Amino acid sequence: MLIPEFANISVCMKDPERVQDIIVSMQKAGSNTLQVIADFDMTLTRFAYNGKRCPTCHNILDNSLLIDDECKKELKDLLNTYYPIEIDSSRPVEEKLPLMVEWWTKAHELLIEQRIRKDDLAKVVSQSEAKLREGYGFFFDHLHEHSIPLLIFSAGIGDILEEVIRQAGVFHSNVNVFSNYMDFDELGVLHGFKGELIHVYNKREGAMLNTGHFRELRARPNVLLLGDSLGDLSMADGVQDMENILKIGFLNDKVEDRRQFYLDSFDIVLVKDETLDVPNAIIRYLTGTK
């Protein structure tokens with residue numbers, strides 16, 4: 001077997017031979033032609049730990065002392081209303097789009113009302129239960145050591161996301177982040193969000209807005225893509241002159257309802273796998289590391 005970790009119980013593939021062909025082609029091209037594009041929440045971070053759900057970037061704020069009880073209740077109501085829509089495989093994406101915009105917009109408006117201070121974000125992250133997936137150290141460090149660009153493409157909050165990586169000691173120079181960034185006034189108080197809204201199902205548009213990033217990486221036409229949502233499949237749409245793409249999907253929740261959709265969409269599906277063992281094994285192979 002090309003990658004021994006493919007024997008792990010969590011690994012599912014619709015077409016193993018195709019996966020092997022893509023990996024061999026990428027390996028022949030060399031790791032200097034590779035770029036990695038990854039979602040953040042529930043992809044690079046854990047979905048659960050010891051049977052308890054781990055927080056997303058938004059949840060880190062929602063659950064913090066910076067948010068009053070009334071706002072927490074309203075944010076939870078939004079989650080309970082819109083999250084089932086987000087993961088409902090029976091609904092077409094076109095139907096979900098306006099509802100996702102509605103969710104993110106309402107959540108951001110609630111956060112703005114809380115007059116969150118920039119100086120408090122590091123403390124909030126350090127007190128949270130956010131956890132990067134097991135094996136994150138090798139993943140971030142090895143990509144950096146081999147000068148492989150890592151683009152993190154997130155519908156979360158960029159300021160929180162960066163702080164999670166920074167506190168884990170893996171925010172290296174090869175990491176770029178496309179996300180929703182807070183806008184603070186001259187007193188360091190949140191008063192808005194910058195730029196175009198990025199949500200789960202408009203990452204293609206986000207990619208197209210950042211063509212400069214992909215233009216710089218034109219010599220890297222081989223892509224390893226990691227996501228946990230079908231919306232993540234479009235994160236690489238801005239890549240120019242793509243030769244190979246290997247799509248890895250983390251199936252964390254509602255497994256039986258969504259398994260076939262994931263198998264039809266991702267090359268490799270990792271079912272309830274809280275590690276980066278499989279992506280790390282692929283990266284190890286592509287960089288010729290024992």
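In this text the structure is predicted, and so the values were computed from the model without any measurement. Along each chain, the written sequence defines residue order, and numbers are assigned to residues from 1. Selection of residues for local features in this predicted model requires a pLDDT of at least 70, selection of side-chain atom pairs for listing and counting requires 80 or more, and totals for whole chains, interfaces and linings are taken over all residues. The side-chain figures draw on all heavy atoms in the structure; neither hydrogens nor water molecules are used.

1. A short note on the side chain of Thr275
- A helix here means a DSSP run of H or I that spans at least four residues, while a strand means a run of E at least two residues long, and both kinds are numbered starting from the N terminus. Mapped onto the fold, Thr275 is located in the loop between β11 (268–271) and α11 (277–286).
- For each residue, the accessible area found with a 1.4 Å probe, counting protein chains only, is set against the maximum for its type, and the residue is called buried under 20%, exposed over 50%, and partly exposed in between. With relative accessibility at 13%, the residue Thr275 sits in the buried group.
- Polar contacts, as counted here, are pairs of nitrogen or oxygen atoms within 3.5 Å of one another; within protein the pair requires one atom able to donate a hydrogen and one able to accept it, and residues that are adjacent in sequence qualify only if both atoms are side-chain atoms. Here the side chain of Thr275 touches Asp273 through a polar contact of 2.7 Å, side chain to side chain.
- Within the structure, Thr275 has its side chain in polar contact with the backbone nitrogen of Asp277 (distance 3.1 Å).
- Should any heavy atoms of two residues lie within 4.5 Å, those residues are counted as being in contact. When near neighbours in sequence (up to four residues on either side) are disregarded, Thr275 contacts Arg133, Glu134 and Phe250.

2. Thoughts on the packing of helix α1 (residues 16–29) against α11
- The geometry of α1 relative to α11 is characterised by a closest axis approach of 9 Å and an angle of 40° between their N-to-C directions. The angle between α1 and α11 falls in the class oblique. For the pair α1 and α11, the contacting residues are Ile23, Val24, Met26 and Gln27 in the first and Ile282, Tyr285 and Leu286 in the second.
- Classification convention: Asp, Glu, Lys, Arg as charged; Ala, Val, Leu, Ile, Met, Phe, Trp, Tyr, Cys, Pro as nonpolar; all other residues, Gly among them, as polar. Taken together, the residues that form the contact of α1 with α11 break down as six nonpolar, one polar and no charged. Helix axes are fitted only over the stretch in contact, all axes being lines through C-alpha atoms; the angle between N-to-C directions runs from 0 to 180 degrees. What sets the label is the angle itself: under 35 degrees gives roughly parallel, over 145 gives roughly antiparallel, 65 to 115 gives roughly perpendicular, and the rest give oblique.

3. So, the pairing of β11
- Side chains Ile268 and Leu270 of β11 all project onto a buried face; the interleaved residues Val269 and Val271 project onto the opposite face, where all are buried too.
- A pair of strands is treated as paired once DSSP finds two or more bridges between them. With two bridges connecting them, strand β1 (residues 11–12) and β11 associate as antiparallel partners. Within β11, the position partnered with Val11 by the bridge is Leu270.
- Pairing geometry for strand β10 (residues 244–251) and β11, over four bridges, is parallel. Pairing of Phe250 across the sheet is with Leu270, part of β11.

4. Brief notes about the environment of Phe153
- Tracing the sequence through the fold places Phe153 in strand β5 (residues 150–157).
- Note on Phe153: relative accessible area 0%, which makes it buried.
- A sequence separation of 23 residues divides Phe153 from Asn176, and the C-alpha atoms of the two residues are 8.5 Å apart.

5. Observations concerning the pattern of salt bridges
- One side-chain nitrogen of Lys or Arg within 4 Å of one carboxyl oxygen of Asp or Glu is enough to make a salt bridge. Enumeration over the complete set of coordinates arrives at 12 salt bridges.
- Notably, a salt bridge pairs Asp267 with Arg18, separated by 2.4 Å at the nearest N-O pair. Taken together, the residues span a long stretch of sequence, with Asp267 in the loop between α10 (255–265) and β11 and Arg18 in helix α1 at a distance of 249 residues.
- For Asp267, a relative accessible area of 8% gives the class buried.
- Asp241 serves as the salt-bridge partner of Arg218, at 2.9 Å between the closest nitrogen and oxygen. Here Arg218 is found in the loop between α9 (211–216) and β9 (222–227), whereas its partner Asp241 is found in the loop between β9 and β10, with 23 residues between them in sequence.
- Classification of Arg218 as partly exposed rests on a relative accessible area of 44%.
- Several salt bridges share partner residues, and in doing so they unite Asp88, Arg91 and Glu95 into one network.

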